[in-house]
Amino acid sequence: MRQAKLWRYAIPMESGVLLRDRRLTQREGLLLLLQENRRQGWGEIAPLPGFSSETLAQAQQACLAWIADWLTGRSPAESALPSAAFGISCACAELDGVLPNAASWQSAPLCYGDPDALLLQLQAQATPCAKMKVGLYEAARDGMQVSLLLDALPQLRLRLDANRSWTPEKARQFVRWLTPQQRMRIAFIEEPCRTPEESLRFAADCDLRIAWDETLREPGFTLRTQPGVAAVVIKPTLTGSIARVRQLIADARQLGLEAVVSSALESSLGLTQLARLACWLTPQSTPGLDTLSLMRQQLVRRWPGCDRPLQEQAQWTQIY
Ligand SMILES: O=C(O)CCC(=O)C1=CC=C[C@@H](O)[C@@H]1C(=O)O
Ligand SMILES: [Mg+2]
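A quick note: this is a predicted structure, and the numbers were derived from the prediction, not measured.

Student: Honestly, the UniProt feature "active site" (unreviewed entry) in the protein in this entry has me stumped. Any pointers?
Tutor: With numbering matched to this structure, UniProt assigns "active site" (unreviewed entry) to Lys133 and Lys235. Among the annotated residues just listed, those that line the largest pocket are Lys133 and Lys235. Relative to the assigned elements, Lys133 resides in strand 7 (residues 129–133). Here Lys133 falls in the buried class, since its relative accessible area comes to 18%. Among all residues touching Lys133, those that are not within four sequence positions of it are Leu110, Cys111, Tyr112, Asp161 and Asn163. Mapped onto the fold, Lys235 is located in the loop between strand 11 (229–234) and helix 8 (236–239). Once residues lying within four places of it in the same chain are set aside, the contact partners of Lys235 are Asp213, Ser262, Ser263 and Ala264.

Below you can see the structure in the form of structure tokens.
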């Protein structure tokens, strides 16, 4: 017999988490539990404000419609809403035992802010690959910081993420601080400029590799080889079902692009599932999942080594 439950959760964020200029005080989403013949599967549906095109209310409606259909014994079609499709597919994959338990727990540490603290942290962890946000401050300050960091840590390779914030001139100002050897240790810069065309020109002019994230979700965009593009950063909550993510990864591979599984600020439940997905589908690539420290609590499952408390079930609101 099939059974389903759906709850709404809200997790308080650490103060000062900014998402595209808006302050995120809590992360909200849905938890789906499917049960059949003593097996069960969990899924998290959490559209990310400012990034997802659907709202949480729309995702909730889509989940309720899917549940009603599933309970009648059918295999309902995938939701057209990426967050709903992804969370539902995780619950189904756990129920059917197709999402392996082995996980990529080593993700690329995400660095913002204080360069001294960052240096100590990366030294202590002997990290081979870290991700640093750029474009939030002066391009020259970013350039200087990246250069200092690469000099201080000779084994380090950096992924940078500008989130489309640089003008071509600012991007070039940044690069002036880096020697040709240092440029080679930048694995890629995610979305350096305001448009994909500017980013491609920047990559060609400065001999740097770039990666697509936002561009992947632009209407009409199709994956193809483009000079200077080395990787695609895939956020499953913004992309769709596991099947869709799997296809995107296969397409990227075929074109010789690295596929990096990345967080859309899911709770510890979603993040542990992403770590399993990454180990299964992109075993050669370090995933970008270092976002749990932005949250004050974990949900349903713990991330190994994270001592934040699990949120009590009494704090969830049951919807179904
Ligand atoms: O990709 C990673 O390493 C972590 C995820 C990450 O950087 C982001 C997740 C969600 C929203 C953004 O603030 C941010 C990004 O800009 O990609
Ligand atoms: Mg980004």
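Student: I'm lost on the site of ligand 1 in this one. Help?
Tutor: Close to ligand 1 lie 14 residues; Lys131, Lys133, Asn163, Lys235 and Ser262 are nearest. Between an oxygen atom of ligand 1 and a side-chain N or O atom of Lys133, the distance comes to 2.8 Å. Separating an oxygen atom of ligand 1 from a side-chain N or O atom of Lys235 is a distance of 2.8 Å. Considering ligand 1 on its own, with 400 Å² of exposed area, one finds that the protein chains cover 95% of that surface.

Student: So what exactly am I meant to see when it comes to the nonpolar core here?
Tutor: Within soluble globular proteins, side chains that are nonpolar tend to cluster in buried spots. Residues Val232, Ile234, Leu274, Leu277 and Trp303 are the most contacted members of the largest nonpolar core, which totals 31 residues. Secondary-structure elements contributing two or more residues to this core are helix 2 (82–95), strand 10 (210–212), strand 11, helix 9 (242–254), strand 12 (258–261) and helix 10 (268–281). The leading source of residues in this core is helix 10, at six residues. Residue contacts for Val232: discarding those within four places in its chain leaves Trp212, Leu216, Leu223, Ala252, Leu257, Glu258, Ala259 and Val260.

Student: Got a minute to help me understand the pairing of strand 5 (residues 39–45) in this structure?
Tutor: In regular strands, side chains alternate between the two faces of the sheet. With five of seven residues buried, strand 5 lies mostly within the body of the structure. Relative to strand 5, strand 4 (residues 26–36) is paired through seven bridges, and the arrangement is antiparallel. Counted as the bridge partner of Leu34 is Gly41 from strand 5. Here strand 4 folds back onto strand 5, and the loop between the two strands holds two residues, one of which, Asn37, carries a positive phi near 50 degrees.

Student: Got a minute to help me understand empty space enclosed by the protein in this structure?
Tutor: Where empty space is left in the structure can be found by rolling a water-sized probe over the atoms. One pass over the full model with this rule turns up two cavities of 30 Å³ or more. Its boundaries defined by the atoms lining it, the second largest cavity holds a volume of some 40 Å³. Forming the walls of the second largest cavity are Ala108, Lys131, Arg159, Glu190, Val233, Val260, Ser262 and Gly288. Residue classes in the lining of the second largest cavity are distributed as three nonpolar, two polar and three charged.

Student: I keep staring at the packing of helix 1 (residues 56–71) against helix 2 and nothing clicks. Help me out?
Tutor: For any two helices packed against each other, one specifies the crossing angle of their axes together with the interaxial distance. Put simply, helix 1 and helix 2 touch, their axes get as near as 9 Å, and they point 35 degrees apart. Seen from above, helix 1 lies across helix 2 with right-handed handedness. Counted together, Ala59, Ala62, Cys63, Trp66 and Trp70 of helix 1 and Ser83, Ala84, Ile88, Cys92 and Leu95 of helix 2 form the full contact between these two elements. Tallied by class, residues from the contact of helix 1 with helix 2 come to nine nonpolar, one polar and no charged.

Student: When you look at the pattern of salt bridges in this model, what are you seeing that I'm missing?
Tutor: Close approach of charged atoms lets side chains of opposite charge pair. Counted by the stated rule, this structure contains 18 salt bridges. A salt bridge links Arg2 to Glu36; the nearest nitrogen and oxygen atoms lie 3.1 Å apart. Of this pair, Arg2 sits in strand 1 (residues 2–12) while Glu36 is found in strand 4, placing the two residues 34 residues apart along the sequence. Owing to a relative accessible area of 21%, Arg2 belongs among the partly exposed residues under this scheme. Residue Glu36 is classed as buried on the basis of its relative accessible area of 17%. Its salt-bridge partner being Glu14, residue Arg308 comes within 2.7 Å of it at the nearest N-O pair.

Student: Would you take a moment to explain helix 5 (residues 168–175) for this structure?
Tutor: Residues of helix 5 that are buried include every one of Ala171, Phe174 and Val175, and no others. The arc that holds every buried residue of helix 5, seen down its axis, measures 95 degrees, which confines them to one face. Where helix 5 is buried, its residues contact helix 4 (139–152), strand 8 (157–161), helix 6 (180–184), strand 9 (186–190) and helix 7 (196–206).

Student: Help me understand the side chain of Gln273, please; the structure alone is not making it clear to me.
Tutor: Tracing the backbone shows Gln273 in helix 10. The residues touching Gln273, leaving out its near neighbours within four places in the chain, are Trp42, Gly43, Glu44, Cys90, Glu94, Leu99 and Arg301.

Parameters and conventions
Residues numbered from 1 in each chain as written. Chains lettered and ligands numbered in written order. Predicted model: local features only at pLDDT ≥ 70, side-chain atom pairs only at ≥ 80, totals over all residues. Heavy atoms only, no water. UniProt positions renumbered as here; feature names shortened; annotations may be inferred. 1 Å grid on protein atoms, 1.4 Å probe; cavity = no way out; pocket = protein on both sides within 12 Å on 5 of 7 lines; lining within 4 Å. Helix = DSSP H or I, 4+ residues; strand = E, 2+ residues; numbered from the N terminus. Buried < 20%, exposed > 50% of the residue type's maximum accessible area, 1.4 Å probe, protein only. Contact = heavy atoms within 4.5 Å. Near = heavy atom within 4 Å. Polar contact = N/O pair within 3.5 Å; in protein donor to acceptor, adjacent residues only side chain to side chain. Areas by Shrake-Rupley, 256 points an atom, 1.4 Å probe, with all protein chains shown as cover. Core = buried A, V, L, I, M, F, W, Y, C linked by side-chain atoms within 4.5 Å. Pairing = 2+ DSSP bridges. Points joined across faces, edges and corners; volume = space filled by probe spheres on them. Nonpolar A, V, L, I, M, F, W, Y, C, P; charged D, E, K, R; others polar. Axes fitted to C-alpha atoms, helices over the stretch in contact; angles between N-to-C directions. Left-handed = near helix turned anticlockwise from the far one by under 90°. Salt bridge = Lys/Arg side-chain N within 4 Å of Asp/Glu carboxyl O. Arc of directions from axis to C-beta.

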